[in-house]
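# Coordinates in review
If you want the building blocks of each chain, they are given just below.
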Amino acid sequence: MARSNNKALNNWEYPKKSGIRFSEILNKNSNETFGCSYRVNVPPKITGKQRLRRQFTNKEAAEKWANEMFTGSKTYGHNFFELNDDDRRQVSASLPILKKHGLSLDEVVKYGIKHIRPEGRGKSIQDVISELVKSKELRYMRGDLRYRSFKDFKQRAEKFSLAMHGRLISEISVKEIKGWLNELKLCGRSNQNYLSVIGEVFKHATQCKYISSSPINELTDTDRRELCGAAVESKEPSILSPTQAEKLLITACNHPDLKLLGAVTLALFCGLRTEELKRLDWESVKINETPATVTIGAKIAKKRRIRHVDIPNNALQWLKLVNNKEGPVSKNLHYNDHQKRFKKLLKLAEFNKWESNAMRHSFGSYHYALYGDAIKTSRLLGHRSNDQVLFDNYRALATKEQATSYFSIIPRSKTSNILKFA
């Protein structure tokens with residue numbers, strides 16, 4: 001086999017004062033010359049370890065590489081030489097682009113690690129939902145979360161997890177979420193409820209750095225209208241007439257076994273929510289004080305909006321007909337017990353149609369009509385500091401005359417013989 005016998009013709013430094021040495025090599029093989037090549041030596045003092053040597057067939061390629069080595073060492077020090085040639089080419093090609101946009105390589109790397117390769121990218125959707133369900137269960141056991149809220153979240157979240165088949169949470173796209181909701185063929189309100197739950201799951205994942213951002217944020221206004229329907233003006237809420245309210249009260253009196261007179265009275269004339277009534281205790285109903293009030297404490301109020309609500313005089317007369325004023329106002333044997341007893345009451349009172357929150361809407365509408373003070377009415381209802389919720393959802397058109405009649409409903413003497421057992 002022929003032996004190479006290459007000789008160095010010239011030596012020089014390039015770039016000047018860089019410490020990088022060039023050698024022009026005369027290529028020979030079996031005493032036959034076939035041109036020259038250029039060898040570049042990068043010494044250990046530049047690389048930080050062993051010397052680096054490359055040989056090129058033309059001077060231009062050799063000088064380009066030497067320039068890259070020199071520029072890289074000045075910019076990144078010894079770390080530059082941890083890269084291979086492909087890495088260096090990527091860096092060299094990227095730097096001008098980054099510079100054009102006012103970015104440094106360090107900034108881009110840190111951003112990429114955080115957003116493109118988040119810490120928990122191996123988490124499945126089931127992992128994340130399990131974390132949230134356990135957290136909410138602890139809050140429920142501690143009394144910080146309503147059972148209804150816990151149950152609703154758990155059912156919706158686990159249904160979504162099952163549909164995603166244990167996929168990595170980082171892989172789930174907004175297109176898949178939208179497609180899944182469309183397949184369910186639910187009403188707009190149900191889709192909105194699912195979006196709230198799914199949004200909470202992805203928000204938790206984002207905060208825990210399992211993903212860089214939530215796909216829910218990518219839903220366009222058009223997407224939301226398609227899923228949840230276009231925003232429409234709030235329709236006027238349905239309220240009870242004074243006659244209907246009286247009929248409901250008398251029926252509650254005539255059926256003491258339902259144990260609903262106290263709850264119905266406080267809903268009609270104090271505007272309490274159903275969930276508040278289900279947790280309210282008689283010790284919070286101060287009918288013997290002046291003024292008489294019902295206290296909605298932090299463990300009862302929605303979103304902890306505690307408040308004291310005045311009990312009007314006509315309501316006091318109905319409450320005095322309740323014989324047993326100890327323990328819960330509406331004693332619930334199980335979670336749906338109150339609803340089952342109330343449905344039975346409506347049937348007995350011959351209400352064929354019942355609008356949700358009709359008693360609370362009635363209080364809000366008649367109280368505002370009677371006093372004309374939106375802020376006061378909103379405060380008694382437990383709304384936020386402004387009155388927008390009152391006007392959007394809780395106020396129907398009612399006259400002051402109707403309101404006066406409503407808050408004048410009292411037990412009639414002719415029915416006193418059937419009211420005393422309530």
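Small disclaimer: the values here were computed from a predicted structure and weren't measured.

Attention now goes to the sheet that holds strand E6 (residues 293–296). Spatially, the three strands line up as an open sheet ordered E5-E6-E7, and their pairing is antiparallel. Here the strands that pair on one side only, and so sit at the sheet edges, are strand E5 (285–286) and strand E7 (307–310). Here E5 pairs with E6 via two bridges, running antiparallel. Bridge pairing in E6 links Lys286 to Thr293.

So, on to the pairing of strand E3 (residues 32–42). It is a general feature of regular strands that their side chains alternate between the two faces of the sheet. By the bridge criterion, eight bridges tie strand E2 (residues 21–29) to E3 in an arrangement that is antiparallel. In the sheet register, Asn29 faces E3, and the bridge partner there is Glu32. Counting the residues between successive antiparallel strands, the hairpin from E2 to E3 contains two residues, one of them, Ser30, with a positive phi of roughly 55°. As defined by bridge partners, E3 adjoins strand E4 (residues 52–56) across five bridges and the pair is classed as antiparallel. Each residue of the ladder has a partner; that of Asn41, found in E4, is Arg53.

This next bit is on the environment of Leu132. Structurally, the position occupied by Leu132 is in helix H5 (residues 125–142). Setting aside its immediate chain neighbours within four residues, Leu132 contacts Phe153, Glu200, Val201 and His204.

Moving on, we get to the pattern of salt bridges. Per the counting criterion, the structure on display carries 17 salt bridges. Between Lys178 and Glu226 there is a salt bridge, with its nearest N and O atoms 3.2 Å apart. In this pair, Lys178 sits in helix H7 (residues 174–184) while Glu226 sits in helix H9 (residues 221–228), placing the two residues 48 residues apart along the sequence. When the shortest N-O distance is used, the salt bridge between Arg273 and Glu276 registers 2.7 Å. For the pair Arg273 and Glu276, one class covers both residues: buried. Via salt bridges that share partners, Arg148, Glu275, Lys278 and Arg279 belong to a single interconnected network.

Tracing the chain through its elements places Glu24 in strand E2. For Glu24, the side chain forms a polar contact with the side chain of Asn10, separated by 2.8 Å.

Conventions adopted
Residues numbered from 1 in each chain as written. Predicted model: local features only at pLDDT ≥ 70, side-chain atom pairs only at ≥ 80, totals over all residues. Heavy atoms only, no water. Pairing = 2+ DSSP bridges. Helix = DSSP H or I, 4+ residues; strand = E, 2+ residues; numbered from the N terminus. Contact = heavy atoms within 4.5 Å. Salt bridge = Lys/Arg side-chain N within 4 Å of Asp/Glu carboxyl O. Buried < 20%, exposed > 50% of the residue type's maximum accessible area, 1.4 Å probe, protein only. Polar contact = N/O pair within 3.5 Å; in protein donor to acceptor, adjacent residues only side chain to side chain.

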